[in-house]
Structures are given as C-alpha cells and as structure tokens.
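Inside the fold
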Amino acid sequence: MRLPTVFAIAALALFIACQTTPPVTVPQRPLPQAPPPKPKIALVLGGGAARGFAHVGVIRALEQEKIPIDLVVGTSVGGLIGAIYAADVNSFDLEWTAFQLEKDDIFDFGVMNAITGMGLAKGDKLEAWVKSHIKTENIESMKIPFAAVATDLNWGQKVVLDKGSVARAIRASAAIPGVFQPVQHQGKILVDGGVVDNIPISVAKAKGADLVIAVDISASLGNTNITNLVGVTLQATSIMFALNVEHAKREADVLITPSGIGDVGMLDFTQKKRCMQAGIEATQRAMPSIRKAIDAWIAAHSRPIATTP
C-alpha cells in the first residue's frame, strides 16, 4: 500500500473516532454550603408573683429539649427566676434554689411600713435573699446576657436594668406598687416593671433577639374573695398587668401559657409543684412550634458560599 494511502486511512479513522466519542463533561459540583446559622434566642419571662414557679418548669423543659437560650429578659418574678438561671445555667440548681424560697423570705410586711412608708413591705428581705442565693454580683457577669425591667415611678417610663447590682435590679423589678416600697436605683425611683411591660418582648428584640420565646403567667382576673388592703392592691395590680400583656404577647415568636394556674394567688407559695408542672407541660406542648420557628429562621438565613471561577 502506498504511503499516502496509509496516511489517508489513518486520518479518516481519527476523524471518525472524534465524531463518535462523546464529549467529556466535567460534573458540576454543588456550591459548598456555609455552616447553618444559629438564631439568637431570647427567653422572656413575665410577672405574676407566686405563679412564677411555672418559669422553673419552662426552663427545665427547654434545657431537656436542648433549646439554646442566648438572652434572658424578665419582669418582676420573671426577672428573679431568670436571674437565678442566667447566673448559673443549670435548671436543676434553679429548681433547688427556687423551691427553697418562701413568702416570709421576701415579704417583710410591717404596720409602720404602711403608715410611714410607701408600701406594706420594705423589700430588704427580697434583696438579701437574692444576694445570698445568686453568687453573681453584677449583671454584666452573668453567664447568659440578662436584663430585668422596672418602671420609673415619676415619669411612667420603662427602665431596662442590664448592668450593675443583680440584687438591686431584682428588688426594683419586683417592687409591686402598694405592696413593696419603691426602690431608689440608678438615680430613679423604681417600681415593678409589670406596670408598663409585664412581658418585655420589645426589650429582647431591641437587644438583638432573632426569636423570642415568651412565657405568660397572668392571673385569671375574676376574684370575688377580696377582703383587705393587700387583696385590693394585688387585684388592681393583676388587672393592670393583664391589660398590658394583651398587646405585648402578640410580638412573641412562640408564646408559652401554662394552663390551670390562673387562680393561684400572687402570695400563695403552697402551689410551687403545681405551677412548675404546668410550666413543663406547656413547654412540651409548645415544642413543635419552637422547633418550627428555629428551622424556618435557619432556612431563611442559610446561603451557599459564592465561588469565583
């Protein structure tokens, strides 16, 4: 065979091979995903005096379900329970500490207080109890960022207590008008934060919370057993707190409302276990909503990492 013919045949074979071999395609790798973001979750605990033991159950259930809490904001007893937890981050220690609390530990009632002062109880006992049971002295040193809410008695303004003495802040936040004397703190005369904001969801959002889990322990307003000055004061306070809660609680991403404790009196410390169990059960019922809210936030904020060609 002549040499040109050989080259022609080889060239033809190469041409045919090029036509029949499918092009090599490089598989497209999916864009790498950034680590899933985590929302900043705030726990907002409302006021309600003795019904506040329900907050203990709420916190225990959240801890058992491994729901992270990045910020705690509370009013009145919500501030007290929230501070105990934020200082130590242990629901079992919280339960132990809270269940040691008795009415006589915090209410230093006296006839002369009512006659010469501005409340039936001074509040010294409450502040001393907090100092002896919460070892963290200043709010800035809490393990979880924390804030208590009080009310400026002179000007009717909400006061956010997020620095300084833990004990003094709790005393101010829980100073129920007419029951406790107002508290001099940070240059203001302060009373219970529930006067202006009994579920301070707006405070949590102002502090950068992405999701707010709020706990409402408002009382049932019907009460036909009012027989003395304390009863009148507490009933009026319950009405006032309930009215400002109705608007505020709509802003929560998840609202936990322990059922069956609305009839527990504000000074009834005999119902601790009942209130705590109601908090556990209410939180368990709310868990699907909590997980759904977290998943939705993560999905909305997850983005692939952009790559340069």
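Look above for the structure.
So, here is what we can say about the structure in this document. (Residues numbered from 1 in each chain as written. Predicted model: local features only at pLDDT ≥ 70, side-chain atom pairs only at ≥ 80, totals over all residues. Heavy atoms only, no water.)

1. Observations regarding the pairing of strand β8 (residues 188-192)
- Pairing geometry for strand β4 (residues 146-152) and β8, over three bridges, is antiparallel. Opposite threonine 151, over in β8, you have valine 191 as the bridge partner.
- When strand β7 (residues 183-185) meets β8, the two strands line up antiparallel, connected through three bridges. The partner of glutamine 184 across the bridge, within β8, is isoleucine 189. (Pairing = 2+ DSSP bridges. Helix = DSSP H or I, 4+ residues; strand = E, 2+ residues; numbered from the N terminus.)

2. Re the nonpolar core
- Ranked by size, the top nonpolar core spans 75 residues in total, and within it Leu62, Val130, Phe146, Ile213 and Ile290 carry the most contacts.
- With eleven residues, helix α11 (residues 272-301) is the single largest residue contributor to this core.
- Core analysis: the next-biggest nonpolar cluster, separate from the first, contains 15 residues, Ala42, Leu71, Ala214 and Ala252 among them. (Core = buried A, V, L, I, M, F, W, Y, C linked by side-chain atoms within 4.5 Å. Buried < 20%, exposed > 50% of the residue type's maximum accessible area, 1.4 Å probe, protein only.)

3. A few points about helix α7 (residues 124-133)
- For α7, the set of buried residues is Leu126, Glu127, Trp129 and Val130. Here the buried residues of α7 occupy an arc of 160° about the axis, which is enough to place them on one side. (Arc of directions from axis to C-beta.)

4. Considering the side chain of serine 173
- With respect to the element layout, serine 173 can be found in helix α8 (residues 166-173).
- Relative accessible area serves as the criterion here: at 0%, serine 173 is assigned to the buried category.

5. Points about the pattern of salt bridges
- Tallied over the entire structure, the rule returns 13 salt bridges.
- In this structure, the salt-bridge partner of aspartate 124 is arginine 171, at a minimum N-O distance of 3.0 Å. Of this pair, aspartate 124 sits in helix α7 while arginine 171 sits in helix α8, placing them 47 residues apart in sequence.
- With a relative accessible area of 11%, arginine 171 lands in the buried category.
- A salt bridge links lysine 207 to aspartate 162, with the shortest nitrogen-to-oxygen separation between them at 2.7 Å. (Salt bridge = Lys/Arg side-chain N within 4 Å of Asp/Glu carboxyl O.)

6. Examining the environment of isoleucine 290
- Its place among the elements puts isoleucine 290 in helix α11.
- Exposure remark for isoleucine 290: the relative accessible area of 1% places this residue in the buried category.
- For the pair isoleucine 290 and aspartate 253, spaced 37 residues apart in the sequence, the C-alpha separation amounts to 8.2 Å.
- When near neighbours in sequence (up to four residues on either side) are disregarded, isoleucine 290 contacts Leu62, Ile67, Ile213, Val254 and Ile256. (Contact = heavy atoms within 4.5 Å.)

7. Re unusual backbone geometry
- You will see that alanine 49, though not glycine, has its phi angle at about 50°, which is positive.
- One can find alanine 49 in the loop between β1 (41-45) and α2 (53-64).
- Exposure remark for alanine 49: the relative accessible area of 14% places this residue in the buried category.
- Although it is not a glycine, serine 76 adopts a positive phi angle of roughly 55°.
- Along the chain, the position of serine 76 falls in the loop between β2 (71-75) and α3 (77-88).
- Of the residues examined, serine 76 reaches a relative accessible area of 4% and is grouped as buried.

8. Examining the pairing of β4
- Extensive coverage of β4 is indicated by the burial of seven of its seven residues.
- A two-sided burial pattern is seen for β4, the buried positions comprising Phe146, Ala148, Ala150 and Asp152 on one face and Ala147, Val149 and Thr151 on the other.
- The pairing of β2 with β4 spans four bridges and is parallel. The residue of β4 that forms the bridge with glycine 74 is alanine 148.
- With five bridges joining them, β4 and strand β5 (residues 157-161) adopt antiparallel strand pairing. Bridge assignment links aspartate 152 to a residue of β5, and that residue is glutamine 157.

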